Number of protein chains: 2
Amino acid sequence: MREVMVLGVGMTKFGPSDLSLQELFANASLEAIQESNLTSKDIQALVIGNVLGDFAEGQMNLAPLLADEIGLGPNVPATRVEGGCASASVAFRDAFILVASGFYDVVIAGGVEKFTHMGTAQVAGALAMIEDSHYEEFTGLTFPGVFAMLAHQYADKYGIPLAVLKERMARVAVKNHHHGTMNPLAQFQKEITVEKVLNSPMVCDPLQVLDCCPISDGAAAVVLASREIAEKMVAKPIKVLGVGQGNGRPYSRQKDFTVMRARLASSSQAYKMAGIEPRHVDVVELHDCFTIAEIVASECLGLVEFGKGSLAAELGETSLGGRIPINPSGGLKSKGHPVGATGCAQIYEITKQLREECGPRQVDGARIGMTDTLGGTGTVVVNILLGR
Amino acid sequence: MREVMVLGVGMTKFGPSDLSLQELFANASLEAIQESNLTSKDIQALVIGNVLGDFAEGQMNLAPLLADEIGLGPNVPATRVEGGCASASVAFRDAFILVASGFYDVVIAGGVEKFTHMGTAQVAGALAMIEDSHYEEFTGLTFPGVFAMLAHQYADKYGIPLAVLKERMARVAVKNHHHGTMNPLAQFQKEITVEKVLNSPMVCDPLQVLDCCPISDGAAAVVLASREIAEKMVAKPIKVLGVGQGNGRPYSRQKDFTVMRARLASSSQAYKMAGIEPRHVDVVELHDCFTIAEIVASECLGLVEFGKGSLAAELGETSLGGRIPINPSGGLKSKGHPVGATGCAQIYEITKQLREECGPRQVDGARIGMTDTLGGTGTVVVNILLGR
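The residue count restarts for each chain, going from 1 along the sequence in the order it is written. Starting at A for chains and at 1 for ligands, labels are handed out in the order in which the entities are written. Where local features are concerned, this predicted model is filtered to residues with pLDDT of at least 70; where side-chain atom pairs are given and counted, the filter is 80 or more; whole-chain, interface and lining totals use all residues. The basis for every side-chain value is the complete set of non-hydrogen atoms in the structure, without hydrogens or water.

(A) Inspection of the overall build of chain A at higher detail. Helix and strand definitions follow DSSP, with helices as H or I runs of at least four residues and strands as E runs of at least two, each counted in order from the N terminus. What chain A contains, in helices and strands, is 14 helices and eleven strands. Within these notes, the globule rule equals 2.2 Å times the number of residues to the 0.38 power, and the radius of gyration is based on C-alpha atoms. Its C-alpha atoms give chain A a radius of gyration of 19 Å, near enough to 21 Å, the size a compact globule of 388 residues would have. Along the three orthogonal principal directions, the C-alpha set of chain A runs to about 55 × 45 × 35 Å. Remark: exposure states derive from per-residue accessible area (1.4 Å probe, protein chains only) relative to the maximum for the residue type, with buried under 20%, exposed over 50%, and partly exposed in between. Burial statistics for chain A: of 388 residues in total, 69% are counted as buried. Each charge class in chain A was averaged separately, 33 positive and 42 negative side chains, and the resulting centres sit 5 Å apart. A positive count includes Lys and Arg, and a negative count includes Asp and Glu. His and the chain ends are not counted in either. One atom stands in for each charge, and that atom is NZ of Lys, CZ of Arg, CG of Asp or CD of Glu.

(B) View of the packing of aromatic side chains. Each aromatic pair joins two rings of Phe, Tyr and Trp (for Trp, the six-membered one) with centres within 6.5 Å, and gets the label stacked for planes under 30 degrees apart, edge-to-face for over 60, and tilted for any other angle. Considering all chains together, one arrives at eleven aromatic pairs over all chains under this definition. Within the aromatic cluster, the residues linked to one another by ring pairs are Phe147(A), Tyr251(A), Phe257(A) and Phe290(A).

(C) Spotlight on the pairing of strand β10 (residues 368–375) of chain A. Residues and elements named next belong to chain A. Along β10, eight of the eight residues are buried, which leaves the element largely enclosed by surrounding structure. Residues Ile368, Met370, Asp372 and Leu374 of β10 are buried on one face, and the alternating residues Gly369, Thr371, Thr373 and Gly375, pointing to the opposite face, are buried as well. In this description, strands pair whenever DSSP reports at least two bridges between them. Pairing of strand β9 (residues 283–285) with β10 involves three bridges; the strand directions are parallel. Following the sheet pairing, Glu285 is matched in β10 by Thr371. Note that β10 and strand β11 (residues 380–387) share eight bridges and pair antiparallel. Bridge pairing in β11 links Gly375 to Val380.

(D) Quick peek at the domain arrangement of chain A. Residues and elements named next belong to chain A. What the domain assignment lists for chain A is domain 1 (4–118 + 216–240) and domain 2 (139–212 + 242–387). Boundaries between domains were set according to an automatic or database domain assignment. If you average the C-alpha positions of domain 1 and of domain 2, the two centres end up 23 Å apart. When checking whether two residues touch, look at their non-hydrogen atoms; a contact exists if any pair is within 4.5 Å. Listed as interface residues are 44 residues of domain 1 and, on the opposing side, 38 residues of domain 2. Using a 1.4 Å probe, buried area is obtained as the accessible area two parts lose upon being combined, added over both of them. Regarding the contact of domain 1 and domain 2, the summed buried area is about 3100 Å², with carbon and sulfur atoms giving 68% of it. The working definition used for a salt bridge is a side-chain nitrogen of Lys or Arg within 4 Å of a carboxyl oxygen of Asp or Glu. Here domain 1 is connected to domain 2 by two salt bridges. Glu35 is the salt-bridge partner of Lys352, the closest N and O atoms lying 3.0 Å from each other. Polar contacts here mean pairs of N or O atoms no more than 3.5 Å apart (in protein, one a potential hydrogen donor and the other a potential acceptor; neighbouring residues in sequence count only if both atoms are side-chain atoms). The tally of links from domain 1 across to domain 2 stands at 13 residue pairs in polar contact (both at pLDDT 80 or more).

(E) Geometry of the pattern of salt bridges. Residues and elements named next belong to chain A. Enumeration over the complete set of coordinates arrives at 44 salt bridges over all chains. With its nearest N and O atoms 2.9 Å apart, the salt bridge here joins Arg355 to Glu35. Taken as a pair, Arg355 in the loop between α14 (342–354) and β10 and Glu35 in helix α1 (residues 21–35) lie far apart in primary sequence, 320 residues in all. Since its relative accessible area comes to 24%, Glu35 is described here as partly exposed. The partner of Glu357 in a salt bridge is Arg355, and the shortest N-O contact between them spans 3.0 Å. Glu357 sits in the partly exposed class, given a relative accessible area of 40%. What makes Arg355 buried here is its relative accessible area of 5%. Through salt bridges with shared partners, a single network forms among Glu3, Arg227, Glu231 and Lys239.

(F) Structural context of the relation of the copies chain A and chain B. Alignment of the copies relies on least squares applied to C-alpha atoms, considering only residues that score at least 70 for pLDDT in both. Structural alignment of chain A on chain B gives an RMSD of 0.0 Å, achieved by rotating through 180 degrees and translating 0.0 Å along the axis. Both copies of the chain, as the preceding transformation shows, are related through a two-fold rotation axis. Of the residues that chain A buries at the interface, 100% are likewise interface residues in chain B, meaning the two copies contact each other through the same surface.

(G) Looking closely at the side chain of Ser133(A). Summarising the element assignment, Ser133(A) is placed in the loop between α5 (120–128) and α6 (143–158). Here Glu57(B) takes part through its backbone oxygen, which lies 3.4 Å from a polar atom of the side chain of Ser133(A). Discounting chain neighbours no more than four positions away, the residues touching Ser133(A) are Phe138(A), Glu57(B), Gly58(B) and Gln59(B).

(H) The arrangement of the nonpolar core in detail. The biggest cluster of nonpolar side chains holds 86 residues, and the ones touching the most others in it are Phe92(A) and Phe92(B). Apart from residues no more than four positions distant in its own chain, Phe92(A) is found in contact with Val6(A), Ala109(A), Val222(A), Leu224(A), Val240(A), Cys344(A), Ile347(A), Ile384(A) and Leu386(A). To qualify as a nonpolar core, a set must consist of buried Ala, Val, Leu, Ile, Met, Phe, Trp, Tyr and Cys residues joined through side-chain atoms within 4.5 Å.

Laid out in structure tokens, this is it:
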């Protein structure tokens, strides 16, 4: 297995967009290719994450259309992968394997989603299909419901009064919104307060609307290549230190959803491949689809002690300037969550952080960064470790 | 890159089924694992093709649920790929790369589909999403329409009177139905006649209903491993000689649909990797979603001269016992076409042929076999070459 580097990254602004899937992807991918000092002719394979193309735009079999849109030729395999909200990270990991194995020298991974034009009920129904249709979705359970139950279970397990947990959860939202104000590509670029979160409309007890990430349109893309090519083409290639992909039983078959089996497996794989421990990580982009989701992820990745995730948020440990800054981009909560694109948007942020190109939201001296993307009710997690 | 072998294959009977996606896949995959003299604990990664899980059963993010169904553990990455009707072949090729690269030693690839319970209009609408939604699907064009236009273009290009072409196309259907009578897993196991085809209801001129493959439920699975493991575990491992995946512009952007760019690219890749030429191939399973589709595929793969595909069918060159037997399983036309499963069902047949386990439909002395799977309006083709 040879070393693989990230050369260039590209990303659209997240949020409602009038552009098509093809146009969104083209904008992100051509930026990534240009940043790599390459042209479309240099790309040897494409792996793309997309979840709702069929429901939102009547478009399946999207990958070859995206390849055509950016001028990739007939010998460039173009594959769509779908692992719910983790789709783009699955794509990145597959692209990593294609280069690490020597099958290809230059591969583009990406993700794209467009669904803000759908009605709320349509979106809720479509996203619920990422659950287990036989044991979860048919009950009417939506994702806010899943994570609301998780919050109750978490409070109960660790003996944290719900009111205390709610305020700490609110601090996660406030932090990520604050980070988002420094990210020109974020969907929301405005501060919120704990009070505002706690007084926002209830979605599913104890989650209020400001505990939840929005739905978003957007795309992100990453060009990966061998070290040899990377060092020739760009000044600051970022090394892929480790990758992991784990799977878990759906929520309805888990006793304790506060510790996700898929995440333990995935992060262990990534740490092991990289030969590092959680304490070596300087900056993290993780799956904060809901505020409680950030708390349990920070614990499961080994960044914070089990049961202490909400306290760490309250103490500012996970804020910019804190011990382990989480979601400096604003995260799903504030940057936005175009589901099939999120994983590569996380890679985008970590790459920019490791290149020290993040301006006011820069994590000083970050040398090792991590991404974490969750799909389904705990059924798939992908972790990527990057370093410089 | 190390050698990769097919150890075991499994497949359900194709046709309407009361089983769920999970149950169908479990039946096929556990058969493949058992045939490999392995257990689920030995499987290190899963790649699955599925197209309509969301529309047909409200199930996205299917891969980890299938992994759970057959007892795969948390460290076994489970990924869904979707490339329209070529999905399972995309899965097989990805699995091949995972083993060839040394990332994993034992990987299962498969495909599963269940949609016969959907209404005809629902199915037509859902499958049309595999086209280009912006330039094709919105016009009301369905796949029978695409291939009907192809038939007209083919007749015109080669100066074959339409009545002559129609009779030759009918012979493709008669042949594949005849082959299907010898396949206990085929959806249709009954003979038809040229007269019956020509008098069957018109679907889209010149395609009559017996020129079209059916819709089907079903699953197929293949266990791949390194040569070292394969030779230890099974008596007749089948070697993967070459793989190819090409992409093409959608139908609406092609001048000549009778020669598909994606197929030329894909088959060239596979032949080159295998170091063989079309004349070395003994048996072929190819994408006969419509009778005319078999004709153009046989030409594009280099098995028959361009413009002579329909004549070759008339002369029996592509029948069992002919020069180059095509679709001894009955093909999509008679065996059935559970879209996301078809590619691995083709691998199933070729593996059984090369092991000489096909009874009355055995191609005598077959040593090299090929599969061909098409997705979209010519936008993705995957070819696999297997040998013993």
